[in-house]
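Next come the chains, spelled out residue by residue.
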Amino acid sequence: DLSGGQKQLVNLASVLILQPDLLLLDEPTAQLDPIATKEFISLLQRVHDELGITVIISEHQLDDILPLSNQLWLMDGGEITYQGPVAGGLAAIWAQPALREFVPDVPHVFLQNELIAPADIAALPLTVVSGKQLIERQQWQLTHAKRKIATNDQVTILQAKHVSFQYEKNDPYVLDQLNLEVHTGDWLAIVGKNGTGKSTLLKLLIGLLQPRHGAIKLQGKKIGKWAQAELFKTVGYLSQTPSDHFSYDSVRQEFIERARQLKRVTPEQVAEEMLAKLGLQTLAERNPQDASGGEQQLIALGIVLLAQPQLLLLDEPTKGLDPIRKRALGELLTRLQAEGLTLIMASHDMAFSARFASQCALLFDGTIVSEEEPYAFFAHNFFYTTTINRMLRSQLPEALNWEEVHA
Ligand SMILES: Nc1ncnc2c1ncn2[C@@H]1O[C@H](COP(=O)(O)OP(=O)(O)OP(=O)(O)O)[C@@H](O)[C@H]1O
Ligand SMILES: [Mg+2]
């Protein structure tokens with residue numbers, strides 16, 4: 001019954017209780033909110049410093065972890081291709097343009113703007129504080145990314161009014177008098193701490209749970225009044241646990257069977273196209289249950305996209321994705337958005353939300369407490385913001401990611 005992030009914290013606690021000599025962590029923070037991530041990493045630091053436990057972490061999200069690490073290893077094609085100090089590792093990654101996306105935001109800005117000479121690589125800043133000491137020597141400029149701007153003639157696709165929900169009669173309310181209005185063509189990112197009710201909200205929006213009070217309307221019609229088959233064609237839902245979506249022995253079969261259920265004329269061809277769209281051709285014959293975390297995420301998305309929904313609900317879609325796949329996903333969803341798809345996404349990934357969403361909302365205490373376009377939203381937040389924003393906000397309050405800032 002726990003939320004995704006709560007489960008992860010329970011797992012981590014039960015591992016730490018064993019007081020091992022060596023701690024191996026496989027993407028430990030992928031489902032943690034930004035504050036829980038920082039708390040967990042400082043706990044790891046204490047475990048390491050005070051108990052002398054060796055820690056090995058495999059991770060895509062390096063911003064917070066690299067400053068504590070004394071070794072960085074890079075794996076490629078089943079081999080360790082770099083092994084050594086962190087700054088040197090980042091330089092080695094930077095030297096391969098195809099891998100640059102792996103360099104986290106703070107060092108990325110300095111390398112991108114050529115503010116650190118290759119000879120000074122050991123001085124490459126990794127934290128916001130060390131970055132701040134260097135940025136002040138420069139003038140910075142901001143170029144805003146192009147995104148969909150809200151216009152006045154917007155059409156409401158989904159509306160939640162005074163929605164309250166509790167799992168059991170005597171449980172506390174998870175959602176309390178929540179209001180939400182989403183327009184056609186929006187990409188709304190919902191952020192908030194672990195266990196705050198983001199996944200619960202998405203399940204209510206697709207009718208998997210029913211509100212105790214209040215109403216949810218899709219295209220003006222109450223969710224409960226939609227015929228299920230019609231609803232599942234109009235709204236796609238990617239759950240926080242991608243394996244929930246799998247029922248066949250190969251990825252290709254998953255796609256073909258789904259295309260058949262949807263009565264597509266050429267299911268085989270439709271399946272091939274979706275494999276290509278998501279770059280999954282090499283996995284076509286594999287059992288989806290045996291795919292890696294990030295691969296499962298993309299396979300489940302493919303199954304959902306086959307229905308060509310008008311509204312897509314995504315629960316932590318970037319977890320487990322490496323930075324390159326993450327960008328490809330963002331760009332794919334942006335293309336679909338341009339074709340008229342509406343997206344609602346629950347995410348702990350501030351950089352991804354800041355880069356791709358057109359609206360951001362904070363869920364807190366059972367209700368949406370703020371909703372704005374990304375620049376306004378993140379400029380006013382302290383924890384729920386991007387690393388680049390924390391580093392550069394005194395000079396450029398609206399700086400959100402490295403692509404948009406120039407020295
Ligand atoms: N089936 C369930 N029965 C009872 N309580 C539940 C159930 N599922 C979730 N909860 C509780 O409801 C609250 C909201 O959970 P939810 O999964 O919506 O959170 P979330 O915001 O998605 O969190 P996370 O960021 O960790 O994914 C949590 O306190 C959770 O423990
Ligand atoms: Mg969740």
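As shown above, the structure is provided for reference.
Report on the accompanying structure.

**Structural notes on the packing of aromatic side chains**
1) Next: Applying the stated criterion across every chain yields a total of six aromatic pairs.
2) Next: Taking 6.1 Å as the distance between ring centres and 65° as the angle between the ring planes, the aromatic pair formed by W187 and F352 counts as edge-to-face. Of the two residues, W187 sits in strand β8 (residues 187-191) while F352 sits in helix α12 (residues 350-356), which places them 165 residues apart along the sequence. The same class applies to W187 as to F352, namely buried.
3) Next: By relative accessible area, W187 is classed as buried at 0%.
4) Next: A connected cluster of aromatic rings, assembled from ring pairs, spans W187, F352 and F356.
5) Next: When the ring centre of W226 is taken as reference, the NZ or CZ atom of K221 above it lies at 5.2 Å.

**Notes on the coordination of the magnesium ion (ligand 2)**
1) Next: For the magnesium ion (ligand 2), the full set of protein donor atoms is S199 (OG) and Q240 (OE1), at a range of 2.1 to 2.2 Å. With a gap of 41 residues between them, S199 in helix α6 (residues 198-205) and Q240 in the loop between β11 (235-238) and α8 (251-261) connect regions that are remote in the sequence.
2) Next: Under the relative-accessibility criterion, S199 is labelled buried at 18%.
3) Next: On the accessibility criterion, Q240 (14% relative accessible area) is buried.

**Points about the sheet that holds strand β15 (residues 367-372)**
1) Next: Here we have six strands laid out as an open sheet, ordered β11-β12-β13-β8-β14-β15, and mixed in their pairing. Single-partner strands in this sheet number two, and they are β11 and β15. Pairs of neighbouring strands in the sheet enclose a mean axial angle of 15°, with direction left out of account.
2) Next: With four bridges joining them, β8 and strand β13 (residues 342-346) adopt parallel strand pairing. In the strand pairing of β13, A189 is matched with M345.

The rules we used
Residues numbered from 1 in each chain as written. Chains lettered and ligands numbered in written order. Predicted model: local features only at pLDDT ≥ 70, side-chain atom pairs only at ≥ 80, totals over all residues. Heavy atoms only, no water. Phe/Tyr/Trp six-rings, centres within 6.5 Å; stacked < 30°, edge-to-face > 60°. Helix = DSSP H or I, 4+ residues; strand = E, 2+ residues; numbered from the N terminus. Buried < 20%, exposed > 50% of the residue type's maximum accessible area, 1.4 Å probe, protein only. Lys NZ or Arg CZ within 6 Å of the ring centre and 35° of its normal. Donors = N, O, S within 2.8 Å, 3.2 Å for Na, K, Ca; no water. Pairing = 2+ DSSP bridges. Axes fitted to C-alpha atoms, helices over the stretch in contact; angles between N-to-C directions.

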